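Analysis of the macromolecular model
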Amino acid sequence: MQSVEQLFSKRDLESLRSDAPTPLYHQTYMLLRDRILDGSIPKGTQMPTEQRLAEVFGVSRITAKRAMDELAAQQLVERRRGKGTHVTHQYQAEALTAPITGMLQKLVSMGRSTRVKVLAVEEVIPPADLKKELNLADGEKAFKLIRVRSTDEGVPFAYYVSWTKGISKGFSKEELETSVRLDVIRENGMELTRIEQNLGAASVTADVAYELEMKPGDPALTLLRRSYTEGGQLVDILHCQYNPKRFNYQMSLNMDEYLKTE
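This structure is a prediction, so every number in the text was calculated from the model and none was measured.

Our next topic: the environment of Lys215. In this structure, Lys215 sits in the loop between helix 9 (206-212) and strand 8 (219-229). Assessed through its relative accessible area of 48%, Lys215 is described here as partly exposed. Residues Lys215 and Ser203 lie twelve residues apart in sequence; the distance between their C-alpha atoms is 9.5 Å.

Right, here's the structure in full:
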């Protein structure tokens with residue numbers, strides 16, 4: 001396991017700002033708390049000394065002490081004189097579930113009960129293979145959207161890259177971070193009636209690993225989803241990568257469907 005100090009990226013450390021509305025000790029506490037809650041710092045781990053934390057985070061020892069006091073107050077760590085501070089929180093993965101049954105309703109429900117961050121949105125001409133799949137004319141554009149989805153507690157679990165055609169409104173960063181994407185597609189006059197999905201696994205690249213708090217090359221659960229309108233027209237292609245420690249994909253089949261898979 002990485003040492004506690006190695007769990008924090010340069011970006012994490014640079015996020016600590018003395019001029020922010022939130023006190024510096026609380027910012028430090030939040031960084032440590034999140035790593036404990038997501039299991040990155042497991043139960044029983046001995047935390048660095050206050051002096052060492054102050055050096056790593058670039059804060060005063062008093063700030064580091066207040067952050068550790070806050071962790072102790074939340075019963076995430078236990079402090080014992082002469083023995084140091086140890087993590088007492090037992091991480092248990094609370095896997096998110098996306099059943100096949102009632103697919104569209106479940107996807108919308110998940111969209112409304114989690115957070116999404118839009119990394120990029122642009123209307124461009126897709127690569128040749130996607131252009132062919134989406135049946136686009138020469139020069140016709142589609143919306144490319146890159147997003148990260150997190151739990152309500154801010155723990156990222158999914159990285160999405162999607163291509164959608166036929167969009168005339170609602171595909172701005174602001175709207176896509178406050179609305180469910182499937183609702184926006186529907187508001188553009190496209191009623192999705194069929195979804196095809198392929199599941200697999202692949203290693204994550206550095207940019208995906210950074211967003212999902214993984215290591216480059218780590219295996220991720222992958223999903224390729226194609227969505228069609230009633231007339232059989234493919235209008236949306238979505239590539240998903242999930243942190244397997246934070247996401248569980250469940251399939252519900254009746255006996256007839258089960259027998260067909262054997």
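Following the criterion strictly, the structure yields three aromatic pairs and no others. Ring centres 5.0 Å apart and planes at 65° place the aromatic pair Phe8 and Phe57 in the edge-to-face group. Linking Phe8 in the segment before helix 1 (10-14) with Phe57 in helix 3 (residues 50-57), this pair joins segments that are 49 residues apart in sequence. Taken as a pair, Phe8 and Phe57 share a single burial class, namely buried. Consider the rings of Tyr160 and Tyr242, whose centres lie 6.3 Å apart with planes at 80°: the pair is edge-to-face. In this pair, Tyr160 is assigned in strand 6 (residues 156-164) and Tyr242 in strand 9 (residues 234-242), connecting sequence segments 82 residues apart.

A word on the side chain of Ser227. Its place among the elements puts Ser227 in strand 8. Among all residues touching Ser227, those that are not within four sequence positions of it are Leu192, Arg194, Ile195, Gln233, Leu234, Val235 and Asp236.

What follows deals with the sheet that holds strand 5 (residues 142-150). Sheet architecture is open: six strands sit in the order 4-5-6-9-8-7, paired in antiparallel fashion. Every other strand in the sheet has two partners, leaving strand 4 (115-124) and strand 7 (192-203) as the edge strands with one partner each. Between one strand and the next, the sheet's axes are offset by a mean angle of 15°, whatever the strand orientation. Two strands pair when backbone bridges link them, and strand 6 and strand 9 are joined in this way by seven bridges, in the antiparallel orientation. Across the sheet, residue Tyr159 finds its bridge partner in strand 9, namely Gln241.

Glancing now at the layout of surface pockets. In this structure, the largest pocket occupies an estimated 1,500 Å³ of space. Taken together, 45 residues form the lining of the largest pocket, with Asp12, Arg35, Asp38, Tyr210 and Glu213 sitting closest to its centre. Of all the secondary-structure elements, those providing two or more residues to the lining of the largest pocket are helix 1, helix 2 (24-37), strand 4, strand 5 and helix 9. Here the lining of the largest pocket gets seven residues from one element, more than from any other, and that element is helix 2. Residue classes in the lining of the largest pocket are distributed as 18 nonpolar, twelve polar and 15 charged.

Attention now goes to the pattern of salt bridges. Within the structure shown, the criterion is met by 19 salt bridges. Of the charged contacts in the structure, one is a salt bridge between Glu50 and Arg79, with a shortest N-O distance of 2.3 Å. Of this pair, Glu50 sits in helix 3 while Arg79 is found in strand 1 (residues 77-80), placing the two residues 29 residues apart along the sequence. Judged by its relative accessible area of 30%, Arg79 falls in the partly exposed class. Notably, a salt bridge pairs Glu177 with Lys173, separated by 3.1 Å at the nearest N-O pair. Placement of both Glu177 and Lys173 in helix 7 (residues 173-178) is noted, with a separation of four residues, approximately one turn of the helix. Connected via shared salt-bridge partners are Glu50, Arg61, Lys65, Asp69 and Arg79.

Rules of the game
- Residues numbered from 1 in each chain as written.
- Predicted model: local features only at pLDDT ≥ 70, side-chain atom pairs only at ≥ 80, totals over all residues.
- Heavy atoms only, no water.
- Helix = DSSP H or I, 4+ residues; strand = E, 2+ residues; numbered from the N terminus.
- Buried < 20%, exposed > 50% of the residue type's maximum accessible area, 1.4 Å probe, protein only.
- Phe/Tyr/Trp six-rings, centres within 6.5 Å; stacked < 30°, edge-to-face > 60°.
- Contact = heavy atoms within 4.5 Å.
- Pairing = 2+ DSSP bridges.
- Axes fitted to C-alpha atoms, helices over the stretch in contact; angles between N-to-C directions.
- 1 Å grid on protein atoms, 1.4 Å probe; cavity = no way out; pocket = protein on both sides within 12 Å on 5 of 7 lines; lining within 4 Å.
- Points joined across faces, edges and corners; volume = space filled by probe spheres on them.
- Nonpolar A, V, L, I, M, F, W, Y, C, P; charged D, E, K, R; others polar.
- Salt bridge = Lys/Arg side-chain N within 4 Å of Asp/Glu carboxyl O.

What is shown is where atoms sit, not what they do.
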